[in-house]
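# Observations on the model geometry
Here are the chains, one letter per residue:
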Amino acid sequence: GWSFGGVVAYEIAQQLAREGINRVKGLVLIDSPEPQTRSPLPDALLNAVVEKRLRPASREAFCTQMRFATRALVEYAPAKSTYRPRAVILRSRERSDVAMAAGADAALRGYFAGCNDAGALERDATANAWKEVLGTVVATGTIPGDHFGAFDDKNVSITAPSCVRVDTYPSL
């Protein structure tokens, strides 16, 4: 899952496991926020993103959906589970200038800062929070672009192959 979709994918995998359905081969968390976040996306950030990336007809629906998703994320309390699917965390390499300029708090600025070297990935609070929630070591990597550009035309040929084969990552 990309962004909030990674948190949704994690929760679905956990619910399936609780029902005895352990068929999830793995999780690919594509620049997904840490599931214990308490920082909602500010309206200034949503407005800056839509101005830059969306047609006017799509902007209102996008902002409404993102306000709903960010409230759900802030209220989410992930349950620890003994089910440990393979997982990979892919973080964007580049900093999101839009996010940095839009009044984000320190936690959000850290999330949107980018991981442009191995040291940054090791120190990354988001990746480390996911490791804690998953309860195990997970594979980590980076993808091109900033958070909002991971699937842009210029990046998708690199991002997509990184996502499709979680079974090639080490077993946990």
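Refer to the structure presented above.
Read on for a plain summary of the structure. As the structure is a prediction and not an experimental result, all values here were calculated from the model.

## Overview of the pattern of salt bridges
The tally for this structure, following the rule as stated, stands at 7 salt bridges. Between Glu 11 and Arg 18 there is a salt bridge, with the nearest N and O atoms lying 3.2 Å from each other. Note on Glu 11: relative accessible area 19%, which makes it buried. Through salt bridges with shared partners, one network takes in Asp 31, Arg 91 and Asp 124.

## Regarding the sheet that holds strand β2 (residues 86-92)
The pairing of strands in a sheet happens through backbone hydrogen bonds and is either parallel or antiparallel. Spatially, β1-β2-β3 is the arrangement adopted by the 3 strands of the open sheet, whose pairing is parallel. In this open sheet, the two strands that pair with only one neighbour each are β1 (26-30) and β3 (139-143). Taking the axes of each pair of neighbouring strands and ignoring which way they run, one obtains an average angle of 20° across the sheet. Sheet topology note: the β1/β2 ladder contains 5 bridges and is parallel. Its bridge partner being in β2, Leu 29 is matched across the sheet by Ile 89. Against the sheet, helix α7 (residues 125-134) makes contact with β1, β2 and β3, and its axis sits at roughly 165° relative to β2, the strand it touches most.

## Let's talk about a nonpolar patch on the surface
On the surface, Trp 2, Phe 151 and Val 156 cluster together into a nonpolar patch covering about 240 Å² of accessible area. Here Trp 2 falls in the partly exposed class, since its relative accessible area comes to 37%.

## Some points on α7
Counting buried residues in α7 gives 7 out of 10 residues, a clear majority hidden from the surface. The complete set of buried residues in α7 reads Thr 126, Ala 127, Ala 129, Trp 130, Lys 131, Val 133 and Leu 134. Taken from the residues just after α7, Gly 135 is the one with a positive phi, measuring 75°.

## Points about the packing of helix α2 (residues 43-53) against helix α3 (residues 56-75)
Interhelical geometry of α2 versus α3 gives an angle of 145° and a closest axis separation of 10 Å. Handedness of the α2/α3 crossing: right-handed. Contacts from Asp 43, Leu 46, Asn 47, Val 49, Val 50 and Glu 51 of α2 reach α3 at Arg 59, Phe 62, Cys 63, Met 66 and Arg 67. When grouped by side-chain class, the residues that make up the contact of α2 with α3 number 6 nonpolar, 1 polar and 4 charged.

## Focus on the packing of aromatic side chains
Across all of its chains, the model carries 4 aromatic pairs by this definition. A centroid spacing of 5.1 Å and a plane angle of 65° characterise the contact between Trp 2 and Phe 151, whose relative ring orientation is edge-to-face. Pair noted here: Trp 2 is in the segment before α1 (4-18) and Phe 151 is in the loop between β3 and α8 (153-164), with a separation of 149 residues, a long-range link. With a centroid separation of 5.5 Å and an interplanar angle of 20°, the aromatic rings of Phe 112 and Phe 148 are classed as stacked. Placement of Phe 112 in the loop between α5 (106-111) and α6 (118-123) and of Phe 148 in the loop between β3 and α8 is noted, with a sequence separation of 36 residues between them. Across this residue pair, the class does not change: Phe 112 and Phe 148 are buried.

## Quick look at the layout of surface pockets
Of the pockets and cavities examined, the largest pocket occupies roughly 660 Å³. Surrounding the largest pocket, 35 residues form its lining, Ser 3, Leu 41, Tyr 111, Phe 112 and His 147 being those nearest its centre. Those elements giving two or more residues to the lining of the largest pocket turn out to be α1, α2, α3, α5 and α7. Estimates place the volume of the second largest pocket at around 180 Å³. Together, 15 residues line the second largest pocket, and Lys 52, Arg 53, Glu 94, Asp 146 and Gly 149 are the ones closest to its centre. Broken down by element, the lining of the second largest pocket gets its largest block of residues, 3 residues, from α2. In terms of residue class, the lining of the second largest pocket is made up of 3 nonpolar, 4 polar and 8 charged.

So, how was this worked out
- Here the residue numbers are simple positions, counted from 1 along each chain's written sequence.
- At least 70 in pLDDT is required for a residue's local features to be given in this predicted model, at least 80 for side-chain atom pairs to be given and counted, and no such filter applies to totals for whole chains, interfaces and linings, which use all residues.
- Excluding hydrogens and water, the side-chain values take into account all heavy atoms of the structure.
- For this analysis, a salt bridge means a side-chain nitrogen from Lys or Arg found within 4 Å of a carboxyl oxygen belonging to Asp or Glu.
- A simple rule labels every residue: compare its accessible area, found with a 1.4 Å probe on the protein chains alone, to the largest value its type can have, and call it buried under 20%, exposed over 50%, or partly exposed in between.
- DSSP calls a pair of strands paired once it identifies at least 2 bridges connecting them.
- Elements are defined by DSSP. Helices are runs of H or I of four residues or more, strands are runs of E of two residues or more, and each kind is numbered from the N terminus.
- Under this scheme, a helix contributes an axis fitted over its contacting stretch, all axes are lines through C-alpha atoms, and angles between N-to-C directions fall in the 0 to 180 degree range.
- Here a residue-residue contact requires only that any non-hydrogen atoms of the pair lie within 4.5 Å.
- Patches were defined on residues exceeding 30% relative accessible area and lacking a salt bridge, with like-charge contacts within 9 Å and nonpolar side-chain contacts (Val, Leu, Ile, Met, Phe, Trp, Tyr) within 5 Å.
- Using a 1.4 Å probe, the Shrake-Rupley method yields the accessible areas, and only the shown protein chains count as cover for residues.
- Left-handed describes a crossing whose near helix is turned anticlockwise from the far helix through less than a right angle; right-handed describes the clockwise counterpart.
- Three residue categories are used. Nonpolar comprises Ala, Val, Leu, Ile, Met, Phe, Trp, Tyr, Cys and Pro, charged comprises Asp, Glu, Lys and Arg, and polar comprises the others, including Gly.
- What counts as a ring pair is set by centres within 6.5 Å for rings of Phe, Tyr and Trp (its six-membered ring), and what kind of pair is set by the plane angle: stacked under 30 degrees, edge-to-face over 60, tilted for all other angles.
- Think of a 1 Å grid over just the protein atoms. A cavity is a set of points where a 1.4 Å probe fits yet cannot get out, a pocket is an open set with protein on both sides within 12 Å along at least five of seven lines, and lining residues have an atom within 4 Å of a point.
- Grid points are joined across faces, edges and corners, and a volume is the space filled by probe spheres set on the points.

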